[in-house]
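Residue-level listing of the chains:
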Amino acid sequence: MTDAPLPVVLVVAAALVDVDGRVLIAKRPEGKALAGLWEFPGGKVEPGERPEAALIRELNEELGIDVQEACLAPFVFASHAYESFHLLMPLYLCRRWSGLVVAREHAALAWVRPNALTDYPMPPADAPLVAWLRDLL
Ligand code: CDP
């Protein structure tokens, strides 16, 4: 008998890059899966929602910022089989937003130079994206 395929979950994530070229990562809070690991902020795309609209909504909910869709550029896709679902996660580069970035849902935030991102333990889906970012920035 073959195993049933894992359900696919679509999550959108952002690499916010500041004027000094540092990237925002956010620490997952206690009580959630993968607590304590540093992720690119974002979240699940709701049924019927466009990925870009989902990312704009999530960045507002999690960080309190407003992003224009034209400022979002998808550039690499993460794909990782967790135990109970298969995560597909495009990472969008974002260099412009309005409002101050604050941690509304995360335990902490950090602005990190691309070369230093490997110092922060990340979920297995996020970690391979770091090499792409380093090459791009
Ligand atoms: O954060 P939460 O678990 O509430 O849900 P989510 O942000 O909608 O993400 C769903 C799942 O995707 C998380 O539980 C993680 O397993 C995974 N994820 C990830 O690996 N990397 C991210 N940057 C975001 C989510």
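Going by the structure above, here's the rest.
Because the structure is a prediction, the values reported are computed rather than measured. (Residues numbered from 1 in each chain as written. Predicted model: local features only at pLDDT ≥ 70, side-chain atom pairs only at ≥ 80, totals over all residues. Heavy atoms only, no water.)

### Comments concerning the site of the ligand
Near the ligand you find 17 residues, and of these Arg28, Lys32, Phe40, Tyr82 and Asp126 are the closest. Taking Tyr82, its side chain carries an N or O atom lying 2.5 Å from an oxygen atom of the ligand. Its free accessible area being 500 Å², the ligand has 85% of it covered by the protein chains. Among the detected pockets, the ligand sits in the largest pocket. Secondary-structure elements contributing two or more residues to the shell around the ligand are β4 (42-44) and β6 (86-94). Tallying contributions element by element places β4 first for the shell around the ligand, with 3 residues. Counted by class, the shell around the ligand contains 10 nonpolar, 2 polar and 5 charged residues. (Near = heavy atom within 4 Å. Polar contact = N/O pair within 3.5 Å; in protein donor to acceptor, adjacent residues only side chain to side chain. Areas by Shrake-Rupley, 256 points an atom, 1.4 Å probe, with all protein chains shown as cover. 1 Å grid on protein atoms, 1.4 Å probe; cavity = no way out; pocket = protein on both sides within 12 Å on 5 of 7 lines; lining within 4 Å. Sits in = over half its atoms within 2 Å of the grid points. Helix = DSSP H or I, 4+ residues; strand = E, 2+ residues; numbered from the N terminus. Nonpolar A, V, L, I, M, F, W, Y, C, P; charged D, E, K, R; others polar.)

### Points about the nonpolar core
Ranked by size, the top nonpolar core spans 24 residues in total, and within it Ile25, Phe40, Met89, Leu91, Leu117 and Leu133 carry the most contacts. Within the residue set of this core, elements represented by two or more residues are β1 (8-16), β2 (23-27), β5 (72-81), β6, β7 (108-112) and α2 (129-136). Discounting residues that sit within four places of it in the chain, Leu117 has contacts with Val23, Ile25, Val112, Met122, Val130 and Leu133. If you look at the next biggest cluster of nonpolar residues, it comprises 14 residues, including Val12, Ala14, Leu24 and Ala54. (Core = buried A, V, L, I, M, F, W, Y, C linked by side-chain atoms within 4.5 Å. Buried < 20%, exposed > 50% of the residue type's maximum accessible area, 1.4 Å probe, protein only. Contact = heavy atoms within 4.5 Å.)

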